[in-house]
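What the coordinates show
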Amino acid sequence: MSNAVHANDADLRSDRRVTTAALRAAVAWTRRDSEAYAWRELSRMTGVVSHVLGPGRGPAGPLDLVRFLQGPLSELLPGADVPDALGNLVLLDRSGELTDGAVEVGCEYTEALFEAVDDPAQQWLPSWAWQRAEQVQRAVFDRLISSGNTQDYTVSRRFLIEHPAGDERELVELRNAAGALPVAHYDQIPPDRVYGNHGGTWWWPCPVCRWPMRVNGESVECGYSHHDARFRLDVTEADRTTSPRLVKVSPARLRTPQAREADGARCVDLAVWRFVTVPGVPELELERRLLRVGGVDVRMWPDLDRVDLVARTKSGRKWEIDVKDHADLNTIVNNAPAARDVVVPDYRRAQVRPLARALPDKRVWAVSSFVRHVRKQTGEASA
Ligand SMILES: [Zn+2]
C-alpha cells in the first residue's frame, strides 16, 4: 500500500510514536559505548513501544527491541495500513550501525514523545531523532524570522542549500560574497565521510546535494537514496596517489566529484543537511527550470517562507507553489501545504494521483509536468 493515505488517525499516531521510539532506541544503541545515558534511553524507548502495543505484544526487553530494529519496522508497527516506505524501513544494519534509511525516512515520523523538561535525552540525542523538520528549520532561522528581514532569510537559506560543505576559508568568502548570515554551525567532516591514504585525508561532495558522501570500504555514496549518487573508490590508485579517484557505479547522469582535502574542510550537521539542504535541492531545481522557461520571474520563500516559491509571468499569471519531498504521503496530507500548487520531485511522481485525491482543493504536479504547464501558459500568453 505504498501510496495509501491513512484513513485512521489513531493508527497513524501510534505508528508515529513507535517509529520515533524505535529511531531513538536505534541512535542510543549506536552510542551505548560513548554515552552514559544510552542504556537508560533504550529502556525508556522499550517502555514507550510496549505501552503503545499493549500487553503481550512487542519487545520483551531492550535487547529484544534492538533485534527488532535490525528487521523491517512493519514487525513492530501496530497500524494495519503501513506505507511501504515505513514498513520496509530497517534502522540498524547487521553491524549495529544506523542505516541511511533511518535518517532518510525515519525522521519524517519523529515527534515529541515527552515534554522538553521530561526529556533528558534531548541533551545528547541528535536533533533529527526527536525534533520535527519544522522545529529544526525554525531553530536554524529563528533569529532571521524574528528580525523579519526577508532578504536576509532568503539569502541565508539559499546558502545552506548551495554550500552545505567546503573548505572553511572558502565558505566564509562565499558567504560574505552572497550576503548570507552564519545561521548554522559548520563542523569537521564526520569520520565516516573521510578517506585516508598516504597523501592525506579526503572527502567527496554528493554531486546533487554537495554534502560529504559516506565512505564505507570502497563504496562512496550519498545517504539520500534519491540522489542516486553511488561511486566506488579506485583503490589501487587511491593507495598510491595523493588524490584518490572515484568511479561512478550508479546509472544516473551525474558528474563524478574530485577528492577534496578533509583537513580544513567543514560541513553543516546531519539535521541541517536533512531538513534544510535536502528539501531545498528540488526547490532550487524547480526555480532553475522555471527561470529557463523565459519571461518567468521567481521568488523563493516569500514573506519568510509563507510558501516555497511564487512564479509570475509578464502577463500577470501567478502561481504559489510548495515543493514536497516526503516518502510518506501522510506527512504531506497532515501538514496541508499552504500553496495552491503542490509539486513533488520527479522521482516521487507516483504520489501525484493519491495526493490529488487526498488534497482536493490543491493542484498536484511532478516538477517536470509543472514546468511544462508554466511553459505552455507563457507560450499561450505571448502568442
Ligand atoms: Zn546527496
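Because the structure is a prediction, the values reported are computed rather than measured.

**Concerning the overall build of the protein chain**
The number of helices and strands found in the protein chain is 14 helices and 15 strands. Against the compact-globule benchmark of 21 Å for 383 residues, the protein chain has a radius of gyration of 22 Å, which places it among compact chains. Considering only C-alpha atoms, the protein chain reaches an extent of 70 × 60 × 45 Å along its principal axes. Counting contacts in the protein chain only where the partners sit at least 6 residues apart, residues at least 24 apart contribute 55% of the total. For the protein chain, the accessible surface area stands at approximately 18,000 Å², while carbon and sulfur atoms represent 47% of it. In the protein chain, which carries 51 positive and 53 negative side-chain charges, the distance between the mean positions of the two groups comes to 6 Å.

**A closer look at the coordination of the zinc ion**
Looking at the zinc ion, the protein donor atoms are Cys206 (SG), Cys209 (SG), Cys222 (SG) and His227 (ND1), and they sit 2.2 to 2.4 Å from it. Coordination at the zinc ion comes from 4 donor atoms whose angles at the metal span 103 to 117°, giving a geometry best classed as tetrahedral. Look at Cys222 and you get buried, because its relative accessible area is 8%.

**Description of the packing of aromatic side chains**
As enumerated under the stated definition, the model contains 6 aromatic pairs in all. Where Trp211 meets Trp273, the ring centres are 4.7 Å apart and the plane angle is 15°; that geometry is what we call stacked. Residue Trp211 is found in the loop between strand S4 (200-203) and strand S5 (214-216), and its partner Trp273 is found in helix H10 (residues 270-293); the two are separated by 62 residues along the sequence. The ring of Trp29 has Arg32 lying over it, and the distance from NZ or CZ to the ring centre is 3.8 Å. In this structure, Arg67 packs its charged tip against the face of Phe68, placed 5.1 Å from the ring centre.

**Section: the domain arrangement of the protein chain**
Taken domain by domain, the protein chain holds domain 1 (9-131), domain 2 (146-271) and domain 3 (272-382). Look at where the C-alpha atoms of domain 1 and domain 2 centre, and you get two points 29 Å apart. With 5 residues of domain 1 at the interface, the matching set in domain 2 holds 7 residues. Area buried by domain 1 at its contact with domain 2 is led by Asp100, Glu104 and Trp128, which between them contribute 81% of it.

**Quick word on the sheet that holds strand S10 (residues 265-268)**
If you walk across this open sheet you meet the 3 strands as S1-S10-S2, and the pairing is antiparallel. At either margin of the open sheet sits one strand with a lone partner, and together these are strand S1 (165-167) and strand S2 (186-188). Mean inter-strand twist for the sheet, computed between neighbouring axes without regard to direction, equals 35°. Where S1 and S10 come together, 3 bridges link them in antiparallel fashion.

**Structural notes on the pairing of strand S12 (residues 309-313)**
Across the 5 residues of S12, 4 count as buried, placing the element largely inside the fold. Bridge count for strand S11 (residues 296-300) against S12 is 5 bridges, and the pairing is antiparallel. Note that in S12 the partner of Arg299 across the bridge is Val310. Sheet topology places S12 next to strand S13 (residues 318-323); 4 bridges connect them, and they run antiparallel. Opposite Ala311, over in S13, you have Trp319 as the bridge partner.

**Considering the nonpolar core**
Counting 106 residues, the largest nonpolar core has Leu76, Leu160, Trp204, Leu286 and Leu290 as its most contacted members. With 11 residues, H10 is the single largest residue contributor to this core. In this structure, Leu76 is in contact with Val18, Ala22, Val49, Leu53, Pro59, Leu65, Phe68 and Leu69, ignoring residues within four places of it in sequence. Counting residues in hydrophobic clusters, the runner-up holds 9 residues, among them Leu329, Ile332, Val344 and Leu355.

**Some remarks on the pattern of salt bridges**
This model, assessed by the stated rule, comprises 25 salt bridges. One salt bridge in this structure joins Arg44 and Asp119, with 3.4 Å as the shortest N-O distance. Of the two residues, Arg44 sits in helix H2 (residues 38-53) while Asp119 sits in the loop between helix H5 (100-104) and helix H6 (133-147), which places them 75 residues apart along the sequence. Assessed through its relative accessible area of 3%, Asp119 is described here as buried. What emerges from the salt-bridge pattern is a single network uniting Arg24, Glu41, Arg44 and Asp119.

**A short note on helix H7 (residues 150-162)**
Here H7 is 13 residues long and its end C-alpha atoms lie 18 Å apart, about the 18 Å a rise of 1.5 Å per residue gives. If you check which residues of H7 are buried, you get Tyr153, Thr154, Val155, Ser156, Arg157, Phe159, Leu160 and Ile161. The opening residue of H7, the one whose side-chain oxygen lies 3.1 Å from the backbone nitrogen of Gln151, is Asn149.

**A look at the sheet that holds strand S3 (residues 195-197)**
Taken in spatial order, the 3 strands of this open sheet run S3-S4-S9, and their pairing is antiparallel. A strand with exactly one partner marks an edge of an open sheet, and here the two such strands are S3 and strand S9 (260-261). Of the pairings in the sheet, the one linking S4 to S9 comprises 2 bridges and is antiparallel in character. The partner of Trp203 across the bridge, within S9, is Arg260.

Rules behind the numbers
- Residues numbered from 1 in each chain as written.
- Predicted model: local features only at pLDDT ≥ 70, side-chain atom pairs only at ≥ 80, totals over all residues.
- Heavy atoms only, no water.
- Helix = DSSP H or I, 4+ residues; strand = E, 2+ residues; numbered from the N terminus.
- Rg over C-alpha atoms; globule rule 2.2 N^0.38 Å.
- Contact = heavy atoms within 4.5 Å.
- Areas by Shrake-Rupley, 256 points an atom, 1.4 Å probe, with all protein chains shown as cover.
- Lys, Arg positive; Asp, Glu negative; His and termini not counted.
- Charge placed at Lys NZ, Arg CZ, Asp CG, Glu CD.
- Donors = N, O, S within 2.8 Å, 3.2 Å for Na, K, Ca; no water.
- Tetrahedral: all angles 85-135°; square planar, octahedral: opposite > 155°, others 65-115°.
- Buried < 20%, exposed > 50% of the residue type's maximum accessible area, 1.4 Å probe, protein only.
- Phe/Tyr/Trp six-rings, centres within 6.5 Å; stacked < 30°, edge-to-face > 60°.
- Lys NZ or Arg CZ within 6 Å of the ring centre and 35° of its normal.
- Domains from an automatic or database assignment.
- Buried area = accessible area lost by both parts, 1.4 Å probe.
- Pairing = 2+ DSSP bridges.
- Axes fitted to C-alpha atoms, helices over the stretch in contact; angles between N-to-C directions.
- Core = buried A, V, L, I, M, F, W, Y, C linked by side-chain atoms within 4.5 Å.
- Salt bridge = Lys/Arg side-chain N within 4 Å of Asp/Glu carboxyl O.
- Expected span 1.5 Å × (residues − 1).
- Polar contact = N/O pair within 3.5 Å; in protein donor to acceptor, adjacent residues only side chain to side chain.

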